[in-house]
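Coordinate inspection notes
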Amino acid sequence: NGEMIIMTYEQVQKELIQAMKNKDTVRKSVLGDIKTTALNIAIEEKHKENVTEDNVLAAIKKYQKICQAQIDTCPASRPDLMEAFQACMKCVNEYLPKQLTEKDIDAIIQELGPKTMPEAMKHFSQLYKGQVDMKLVNKLAGEYIKTSK
């Protein structure tokens, strides 16, 4: 829905049940994979009883990368597969937090006025987790720091 900041594990489970009731196979598949991946991440971090929002976000991002790789490597001779991969990607993107635009990120950097790269990166990773492309933050903060010296 784009407005959700970060999904909880319980929300993933509720959405999964709803997808099953609605016989929405794409959503059921995507959410099932996200749920399993989030649980596996929590198990790796040794807290399987408490799957955190960060675990869910990491699972969604991981699944998004898989979908993107499938789209990127899909042969042109298989439009049926491409359609399925794109449907998956569309569904996954609905569960990611709303992404900040380059303009938004630049405005935050101008306001923050970071003196160093670590200062800028820490600010974004703490306050805008999952909402920014950190490579873009790095590029824009680097440009800002260079020109503000």
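Residues numbered from 1 in each chain as written. Predicted model: local features only at pLDDT ≥ 70, side-chain atom pairs only at ≥ 80, totals over all residues. Heavy atoms only, no water.

For side chains bearing opposite charge, pairing can occur when the charged atoms are close. One pass over the structure, following the stated rule, counts 4 salt bridges. Between Asp24 and Arg27 there is a salt bridge whose closest N-O contact spans 3.2 Å. On the basis of relative accessible area, Asp24 is assigned to the partly exposed category, the value being 28%. Residue classification places Arg27 among the buried residues on the basis of a relative accessible area of 19%. (Salt bridge = Lys/Arg side-chain N within 4 Å of Asp/Glu carboxyl O. Buried < 20%, exposed > 50% of the residue type's maximum accessible area, 1.4 Å probe, protein only.)

Phi is positive for Lys23, which is not a glycine, with a value near 55 degrees. The residue Lys23 is located in the loop between α1 (9-21) and α2 (25-44) in this model. A relative accessible area of 71% means that Lys23 is categorised as exposed. The phi angle at Lys46 is positive, at roughly 65 degrees, despite the residue not being glycine. Residue position: Lys46 is located in the loop between α2 and α3 (53-73). (Helix = DSSP H or I, 4+ residues; strand = E, 2+ residues; numbered from the N terminus.)

Another aspect to go through is the state of the cysteines. Applying the stated criterion across every chain, the model contains 0 disulfides. No disulfide involves Cys88; its sulfur sits 4.7 Å from that of Cys67, the nearest cysteine. There is no disulfide at Cys91, and the cysteine sulfur nearest it, in Cys88, is 7.0 Å away. (Disulfide = S-S within 2.5 Å.)

With that settled, consider the nonpolar core. Ranked by size, the top nonpolar core spans 27 residues in total, and within it Val30, Ile34, Val56, Ile60 and Tyr63 carry the most contacts. Elements with a contribution of two residues or more to this core: α1, α2, α3 and α4 (79-95). By residue number, the principal contributor to this core is α3, which donates 7 residues. Contacts of Val30, omitting those with residues within four sequence positions, involve Tyr63, Cys88, Cys91 and Val92. If you look at the next biggest cluster of nonpolar residues, it comprises 13 residues, including Ile109, Ala120, Met121 and Val137. (Core = buried A, V, L, I, M, F, W, Y, C linked by side-chain atoms within 4.5 Å. Contact = heavy atoms within 4.5 Å.)

To continue, consider the packing of helix α5 (residues 102-112) against helix α7 (residues 134-147). Each pair of packed helices gets described by two things: the angle between the helix axes and the distance between those axes. Running from amino to carboxyl end, α5 crosses α7 at an angle of 45 degrees, the nearest separation of the two axes being 10 Å. It follows from the interaxial angle that α5 and α7 lie oblique. Here α5 runs over α7; the crossing is right-handed. Between α5 and α7, the residues in contact are Glu102, Ile105, Asp106, Ile109 and Gln110 and Leu136, Val137, Lys139, Leu140, Ala141 and Tyr144, respectively. Counted by class, the contact of α5 with α7 contains 7 nonpolar, 1 polar and 3 charged residues. (Axes fitted to C-alpha atoms, helices over the stretch in contact; angles between N-to-C directions. Parallel < 35°, antiparallel > 145°, perpendicular 65-115°, else oblique. Left-handed = near helix turned anticlockwise from the far one by under 90°. Nonpolar A, V, L, I, M, F, W, Y, C, P; charged D, E, K, R; others polar.)

Read these as geometric descriptors, not functional statements.
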